[in-house]
Structures are given as structure tokens and as C-alpha cells.
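Listed below, chain by chain, are the residues.
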Amino acid sequence: MSKDTIVIREIEPQDNGQLEQVIKACFHEFKIPLEGTAYTDRETPRMFESYQDNRERYFVLDCNGDVLGGGGIKPLTDFEDSVCEIQKMYFSPSARGKGYGRALFEKCLQTAKEYGYESAYIESASQLKAAIHIYESYGFSHLKEAMGNTGHYSCGVWMIKTL
């Protein structure tokens, strides 16, 4: 039995610094472009403050006070309000392959349903093959072009699922 306690919880202000490090490290690890992605988003250094409006929520993976990743939902920018975006889902290497990402992803999907969204949209980078495979396993289908106005022009994978 591990002494580590892993919990999925809502983001808190003190999580911002650790979460920004996890997010940005993934871009370097997977060689994802920095411009036109979450790497340069104004929200990334201030994730707690960026998820405080109605119908949006961000969850972190917490291991004994260390933030190992996270993911959240928001209304899809400049699109109909029945569609949310699952966004900024990144995990440190130590958290991968253990089912935590799937559990957090399911929490996002469930929260989206509770908030009344009818569809969930995802943008990703082709380098994130494991993540894309997980999205496909949950019934997300590929789109030919981006929806809404996320500003992530370097993301080349767009997916959607009816909730």
C-alpha cells in the first residue's frame, strides 16, 4: 500500500505556480509549439483566477500537496453556449499511466453534464498520442477544423462528443 494520497480536487490559488510548471514542462517534453498553444495563454500562470465564472471549473491532481496535473472545462469561446471545451489537461510524468488522468477526465465530463452542456470539444496536438487515444476511447470524434476561437492556432487535432 502506497503512503501517497492522490486526490482530484478543485484548483486553489496556491496551485498556480506548480500547475504552470507541469503544463509548460509537457510542451518541452513532447516538442509541442509554444506559440499558439496553452503555453503562451494569459491564463496559464493564473489558472485559479481563470476558472471562476459560471459553468467552468478546473480540477487538479494532488499528491500529498504536490500538484501533478489538471484539467478543466469552460464554455467554448465565441461559440454557442451548449458546447464546452475541455482544456489545459496536462500531467507530470509521475502521474501518467496510472489511471489518474482518466479519472480527472471523467470528472470533467461529469461536471460538463451537470452544468448542462450538450457537447464537449477538445483541441490537442498530434504529439499527444496517448491523450488522443483516451479521447477516442470516450467516444470523441475527429473534426476537420477548429470550432470557436481558442487562439490555439498551433493545435492540429480537434475533437467533439455529444454528452
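Check the entry above for the structure.
**Student:** Quick question: what am I supposed to make of the packing of aromatic side chains here?
**Tutor:** For any pair of aromatic rings, the description consists of the separation of the ring centres together with the inter-plane angle of the planes. Applying the stated criterion across every chain yields a total of seven aromatic pairs. On the basis of an interplanar angle of 80° and a centroid distance of 5.1 Å, the ring pair of phenylalanine 105 and tyrosine 138 is categorised as edge-to-face. Of the two residues, phenylalanine 105 is situated in helix α3 (residues 100–114) and tyrosine 138 in the loop between α4 (129–137) and β6 (141–142); the sequence distance between them amounts to 33 residues. Tyrosine 138 matches phenylalanine 105 in its accessibility class, with the two residues each being buried. Here the aromatic rings of phenylalanine 105 and phenylalanine 140 are separated by 5.8 Å at their centres, their planes lie at 45°, and the arrangement is tilted. Of this pair, phenylalanine 105 sits in helix α3 while phenylalanine 140 is found in the loop between α4 and β6, placing the two residues 35 residues apart along the sequence. Taken individually, phenylalanine 105 and phenylalanine 140 each receive the classification buried, so the pair is uniform in this respect. Joined through ring pairs, the aromatic side chains of Phe105, Tyr135, Tyr138 and Phe140 make up one cluster. The lysine or arginine in question, arginine 55, covers the ring of tyrosine 117, its NZ or CZ lying 3.9 Å from the ring centre. The side chain of lysine 74 reaches across the aromatic face of tyrosine 51, ending 4.7 Å from its centre.

**Student:** For this particular structure, what's the right way to read the side chain of lysine 88?
**Tutor:** Secondary-structure assignment places lysine 88 in strand β4 (residues 83–91). A polar contact of 2.7 Å, which involves the side chain of lysine 88, links it to the side chain of glutamate 43. Excluding residues within four positions of it along the chain, lysine 88 makes contact with Ala38, Asp41, Glu43, Thr44, Met47, Tyr51, Tyr58, Gly70 and Gly71.

**Student:** I'm lost on the environment of glutamate 106 in this one. Help?
**Tutor:** Residue placement: glutamate 106 occurs in helix α3. Looking at glutamate 106, the relative accessible area reads 42%, which means it is partly exposed.

**Student:** Hey, could you run me through the pairing of strand β2 (residues 57–63) in this one?
**Tutor:** Each regular strand carries side chains that alternate between the two faces of the sheet. With respect to burial, β2 is a largely interior element, six of its seven residues being buried. Relative to β2, strand β1 (residues 6–10) is paired through five bridges, and the arrangement is antiparallel. Within the sheet, the bridge partner assigned to glutamate 10 lies in β2 and is phenylalanine 59. Pairing of β2 with strand β3 (residues 66–75), which is carried by seven bridges, proceeds in the antiparallel orientation. Residue tyrosine 58 lies in a different strand from β3, and its bridge partner there is glycine 72. The turn linking β2 back onto β3 is made up of two residues, and asparagine 64 within it adopts a positive phi angle of 50°.

**Student:** How do you make sense of the pairing of strand β7 (residues 157–162) when you look at a structure like this?
**Tutor:** Pairing between strand β5 (residues 119–124) and β7: six bridges, direction antiparallel. For glutamate 123, the partnering residue across the bridge sits in β7 and is tryptophan 158. Where β6 meets β7, two bridges bridge the pair, whose relative direction is antiparallel. Paired with histidine 142 across the two strands is methionine 159, which belongs to β7.

**Student:** I keep staring at unusual backbone geometry and nothing clicks. Help me out?
**Tutor:** The phi angle of most residues is negative, glycine excepted, and most peptide bonds adopt the trans form. Here the phi dihedral of asparagine 64 falls at roughly 50°; this positive angle occurs in a residue that is not glycine. Examined against the element boundaries, asparagine 64 turns out to sit in the loop between β2 and β3. Although it is not a glycine, lysine 88 adopts a positive phi angle of roughly 50°. Take lysine 88: its relative accessible area is 6%, and that puts it in the buried class.

Reading the values: the criteria
- Residues numbered from 1 in each chain as written.
- Predicted model: local features only at pLDDT ≥ 70, side-chain atom pairs only at ≥ 80, totals over all residues.
- Heavy atoms only, no water.
- Phe/Tyr/Trp six-rings, centres within 6.5 Å; stacked < 30°, edge-to-face > 60°.
- Helix = DSSP H or I, 4+ residues; strand = E, 2+ residues; numbered from the N terminus.
- Buried < 20%, exposed > 50% of the residue type's maximum accessible area, 1.4 Å probe, protein only.
- Lys NZ or Arg CZ within 6 Å of the ring centre and 35° of its normal.
- Polar contact = N/O pair within 3.5 Å; in protein donor to acceptor, adjacent residues only side chain to side chain.
- Contact = heavy atoms within 4.5 Å.
- Pairing = 2+ DSSP bridges.

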